[in-house]
Amino acid sequence: MTMPSGSPFDTHSGTGKLRVTRDSFKRQEIASVHTSKFCFVIHPLSLADVERYEPGAKGKGEPIIRKILEWMPAYAAVHVTGVRTPDGRETEGWFVAAPLMPEQIIAFPREEVYDRILHAIKIGAELGANVAGLGAFTGVVGDAGITINERSPIPVTTGNSLTIAAGVQSLFRGAQEMGIDAPQATAVVVGATGSIGAAGVHLVAPHVKHVILVARNATRLRKFHESVKEELPCASSATLDISAAVRQAQLILTATSSTQDVIEPEDLQTGAVVCELSLPHDVSRRVALERPDVLVTEGGNMLVPGNPRLERVREPGTEFDLNLPPRTALACMSETMVLALENRCEPYTLGRGIDVQRVIEIERLAARCGFKLADMRAFDAAITQPMIEATRRAAAERRARVPA
């Protein structure tokens, strides 16, 4: 999330008030008139996000920052240009901030959160967006976008279809890098009853020997497992015990809405691969320190075609720090861009269930538009090939010391 000039975090603004009006945003034209435009709702995932994007927030203290975010209205934060397909189609869009922390989105009255998100979408629509995407917790609150789409002036997607497609690609890319024989492996899907996790179960199962479904709600987990176990092409089981499941697996896919760590270093097998699709992260940072033999990757990052530029709306000429490498975006953002480029302005992904066929379709459309799986990252940093080789060596050394 980025703060506009004159924000409440700016000690030099002179007013102490947020001075953001939709009339202050000027629409800009791009060369292409044949594709739609998009907006994407963002929000800070941590205090570090607020401080990284707005230096004026540094030193204010957590209680003050949280209080400011409680009343701060939605605003257009970023103008995105230069997204261009190999065949010349181009789109532009806006990241619009609904400035609430994950804990606030969970704790605040649902209608209040809906209003904040809808205000953000309306700003995007007035700027010219034809389709809206929901980022991070704005896509899971309530009924996962259904109510917001019904009330929105433009179609809404959570972006979860492309997120799970990219995540499964990342998981098996990691398996290949670590020399894991996927058809003989056990995989765990953490958050299996969620929209992303449920689709993940269907997409992972054809490639492994056994898949373990993990979720927090026993009734939902039991019903979901009973509904899918006969159609899954591999053995399956279900448990509420994350640690026990992870200890059995070589491949772990996480897709929860938890604000706490759920994957701990002591539970992971030697040479395991963990692909996390959750923001905030599911994997404890202790894993990076204590388990050099384990490959952790952030699934769901895509390389955007063209020469995308992220410019702060209130500070023209200044780049917005998405905390990702150049030309890289989250897959949920990328799904929204793909829909605009394809003129598919529709509520593509909504609710707790994801149609696997739509996952396959959006993966195909993204490829046609030139989106590719981004390079590996973990704990907000790049994973280089030498780092992967070091992880393989650490796994071999650990196996030699601690036989299975």
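Residues numbered from 1 in each chain as written. Predicted model: local features only at pLDDT ≥ 70, side-chain atom pairs only at ≥ 80, totals over all residues. Heavy atoms only, no water.

1. Considerations on the sheet that holds strand β3 (residues 90–97)
Defined as follows: At least two bridges found by DSSP between two strands are what make those strands a pair. Helix numbers and strand numbers start at the N terminus; a helix is a DSSP run of H or I with at least 4 residues, a strand a run of E with at least 2. What makes two residues a contact is simply this: any of their non-hydrogen atoms within 4.5 Å. Angles shown run from 0 to 180 degrees and are taken between the N-to-C directions of axes, each axis being a line fitted to C-alpha atoms and, for helices, limited to the stretch in contact.
As summarised here, the arrangement of the 6 strands in space is β5-β4-β1-β3-β2-β13, forming an open sheet in which the pairing is mixed. Both edges of this open sheet fall to β5 (156–157) and β13 (306–312), since each of them pairs with a single strand only. Of the pairings in the sheet, the one linking strand β2 (residues 75–84) to β13 comprises 5 bridges and is antiparallel in character. Looking at β13, one finds that Val80 is bridged to Leu310. Sitting on the sheet, helix α4 (residues 110–127) touches β1 (38–42), β2, β3, β4 (131–134) and β5, and the angle it makes with β3 is about 145 degrees. Those strands touched by helix α11 (residues 331–341) are β1, β2, β3, β4 and β5, and its axis lies near 165 degrees from that of β1.

2. Some points on the confidence of the model for the protein
Here is the rule: What pLDDT conveys is the predictor's confidence in a given residue, as a value from 0 to 100.
On average, the protein scores 87 in pLDDT, and the residues at 70 or more come to 89%. Low pLDDT (under 50) marks residues 1–6, which in the prediction has 33 contacts with non-local residues, meaning those over four places away or in another chain. Contacts for the low-pLDDT stretch residues 11–33, under 50 throughout, to residues beyond four places or in other chains number 39 contacts.

3. Concerning the packing of helix α6 (residues 160–177) against α11
How we decide: Convention used here: angles under 35 degrees read as roughly parallel, angles over 145 as roughly antiparallel, angles from 65 to 115 as roughly perpendicular, and any remaining angle as oblique. With the far helix as reference, a near helix turned anticlockwise by less than a right angle produces a left-handed crossing, and one turned clockwise produces a right-handed crossing. Classification convention: Asp, Glu, Lys, Arg as charged; Ala, Val, Leu, Ile, Met, Phe, Trp, Tyr, Cys, Pro as nonpolar; all other residues, Gly among them, as polar.
Across the interface, α6 lies against α11 with an axial gap of 7 Å and an inter-helix angle of 125 degrees. Compared by their axis directions, α6 and α11 come out oblique. For α6 against α11, the interelement crossing comes out right-handed. Mapping the contact onto sequence places Asn160, Ser161, Leu162, Thr163 and Ala166 in α6 and Ala331, Cys332, Ser334 and Glu335 in α11. Grouping the constituent residues of the contact of α6 with α11 by class yields 4 nonpolar, 4 polar and 1 charged.

4. Comments concerning the sheet that holds strand β15 (residues 372–373)
On the basis of which strands lie adjacent, the open sheet formed by 3 strands has the order β14-β12-β15 and antiparallel pairing. Two strands bound the open sheet, and with one partner strand each, they are β14 (328–330) and β15.

5. Regarding the environment of Ala187
Tracing the chain through its elements places Ala187 in strand β6 (residues 186–190). C-alpha of Ala187 to C-alpha of Ala272: the two residues are 85 residues apart in sequence and 10.0 Å apart in space. Among residues more than four places away in sequence, those in contact with Ala187 are Val204, Val208, His210, Val211, Ile212, Ala249 and Leu251.

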